[in-house]
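A look at the structure
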Amino acid sequence: MTRRTVRVLVCDDHAVVRAGLLALLGSEPDLDVVAEAGSGEEAVVLAARLAPDVVLMDLQLGPGMDGVEATRRITAGTGGNSAGGSGAEPHVLVLTTYDTDADITRAIGAGATGYLLKAERPEELFTAIRSAAQGRTTLSPPVADRVMARLRTPPPALTDRERDILGQLARGLGNRDIARTLFISEATVKTHLGRIYAKLGVETRAGAVAKANEQRLLP
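The model shown is predicted, which means the values in this text are computed figures rather than measured ones. (Residues numbered from 1 in each chain as written. Predicted model: local features only at pLDDT ≥ 70, side-chain atom pairs only at ≥ 80, totals over all residues. Heavy atoms only, no water.)

The subject of this paragraph is the packing of helix α1 (residues 15-25) against helix α5 (residues 122-133). Running from N to C, α1 and α5 cross one another at 80 degrees; their axes reach a closest spacing of 11 Å. Of the possible angle classes, the one that applies to α1 and α5 is roughly perpendicular. Contact residues: Leu21, Leu24 and Leu25 in α1; Pro122, Leu125, Phe126 and Ile129 in α5. When the residues that make up the contact of α1 with α5 are grouped by side-chain class, the tally is seven nonpolar, no polar and no charged. (Axes fitted to C-alpha atoms, helices over the stretch in contact; angles between N-to-C directions. Helix = DSSP H or I, 4+ residues; strand = E, 2+ residues; numbered from the N terminus. Parallel < 35°, antiparallel > 145°, perpendicular 65-115°, else oblique. Contact = heavy atoms within 4.5 Å. Nonpolar A, V, L, I, M, F, W, Y, C, P; charged D, E, K, R; others polar.)

Given below as structure tokens:
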């Protein structure tokens, strides 16, 4: 049975990596690389122009638009009808070396269909691209493990006041300004911060904000 040809756009800011991917994908008769992009901005433009079935997207793309924002714009419908594509919005398959909770959450939240690590075998990449073209989700085993672990571990339960203070922390306010904004004393702010740090398992303000972003705890 002949497979349907899958049109692929490759986005990575390293020319050597792109060349390797083009050579690798070129070995599969049903995978057709229609274009390559070296930046998020270029990927968005090419996706709009060509409407490939799958965009193979790196997350870290140097200065400018990162892979998450490019994914968000592509999946949000920035493209029109393609010359030779299906007419549907492209599916984005992330291909990266990063497997932190924050990266995974941001990419999936932006609309990525799958999340694959560059350490995977070529056969896994080929299968993931074909699955993505059909709208099916593929996750590298380490990524799937992290996703399942997050689902099994609920986020820490913060009080409304603790969430308010976290929101002010994210704005970059100091204790005095937080106290003035929320009409409470600085001592009360410090008490709540201590509880927030303990619940989030962090020791600094920056760590609290990063963890809150990662676990979507901010207003």
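This is not the end of the story, as more comes after the structure.
Quick look at the sheet that holds strand β2 (residues 31-37) now. With parallel pairing, the five strands of this open sheet are ordered in space as β2-β1-β3-β4-β5. The open sheet terminates on both sides in strands that have one partner only, identified here as β2 and β5 (114-117). Each adjacent strand pair in this sheet contributes to an overall mean axis angle of 25 degrees, direction not counted. As judged from the four bridges shared by strand β1 (residues 6-11) and strand β3 (residues 54-57), these two strands associate in the parallel manner. Looking at β3, one finds that Val8 is bridged to Val54. Packed onto the sheet, helix α3 (residues 67-75) meets β3 and β4 (91-96) and runs at close to 170 degrees relative to β3. (Pairing = 2+ DSSP bridges.)

With that settled, consider the environment of Gly172. Looking at the secondary structure, you find Gly172 in the loop between α7 (160-170) and α8 (175-182). Along the sequence, Gly172 and Lys190 sit 18 residues apart, while their C-alpha atoms lie 15 Å from each other.

This next bit is on the nonpolar core. Core analysis: the largest hydrophobic core is formed by 19 residues, its most contacted members being Leu166 and Ala208. Broken down by element, this core gets its largest block of residues, five residues, from helix α9 (residues 186-200). Formed by 17 residues, the second largest nonpolar core is a distinct cluster that contains Val6, Val10, Leu95 and Leu125. (Core = buried A, V, L, I, M, F, W, Y, C linked by side-chain atoms within 4.5 Å. Buried < 20%, exposed > 50% of the residue type's maximum accessible area, 1.4 Å probe, protein only.)

Take the side chain of Asp103 next. Tracing the backbone shows Asp103 in helix α4 (residues 101-109). Put simply, Asp103 is tucked away with no salt bridge, and the nearest opposite charge, on Arg106, sits 4.3 Å away. Setting aside anything within four residues of it in sequence, one finds Asp103 in contact with Leu59, Gln60, Tyr98 and Tyr115. (Lys, Arg positive; Asp, Glu negative; His and termini not counted. Salt bridge = Lys/Arg side-chain N within 4 Å of Asp/Glu carboxyl O.)

This part is about the side chain of Ser140. Inspection of the secondary structure puts Ser140 in the loop between α5 and α6 (141-152). Note on Ser140: relative accessible area 0%, which makes it buried. A polar atom in the side chain of Ser140 sits 2.8 Å from the backbone nitrogen of Leu117. Leaving out residues up to four positions away in the same chain, Ser140 has contacts with Tyr115, Leu116, Leu117 and Glu120. (Polar contact = N/O pair within 3.5 Å; in protein donor to acceptor, adjacent residues only side chain to side chain.)

Moving on, we get to unusual backbone geometry. Generally, phi is negative for residues other than glycine and the peptide bonds are trans, each holding for most cases. Backbone geometry places Ala51, a non-glycine residue, at a positive phi of 45 degrees. Secondary-structure assignment places Ala51 in the loop between α2 (40-50) and β3. A positive phi angle is found at Phe183, which is not glycine, with a value near 60 degrees. Following the sequence through the fold, Phe183 ends up in the loop between α8 and α9.

Attention now goes to the pattern of salt bridges. Per the counting criterion, the structure on display carries 14 salt bridges. Taking the shortest distance from any N to any O, the salt bridge between Arg73 and Glu69 comes out at 2.9 Å. Here Arg73 pairs with Glu69, and both are found in helix α3, just four residues apart, close to one helical turn. Salt-bridge contacts for Asp177 lead to Arg180; the nearest nitrogen and oxygen are separated by 4.0 Å. Taken together, the residues Asp177 and Arg180, both in helix α8 and three residues apart, mark about one turn of the helix. The network of salt bridges with shared partners includes Asp12, Asp58 and Lys118.

Those residues of α4 not exposed but buried are Asp101, Asp103, Ile104, Thr105 and Ala107. Note on α4: the residue one or two positions beyond its end, Gly111, has a positive phi of about 110 degrees.

For the rest of this paragraph, the subject is the confidence of the model for the chain. Of the residues in the chain, 91% have a pLDDT of 70 or more, and the chain-wide mean is 88. Confidence drops under pLDDT 50 across residues 79-86; counting only partners more than four residues distant or on other chains, this segment forms 17 contacts. (pLDDT = per-residue confidence, 0-100.)

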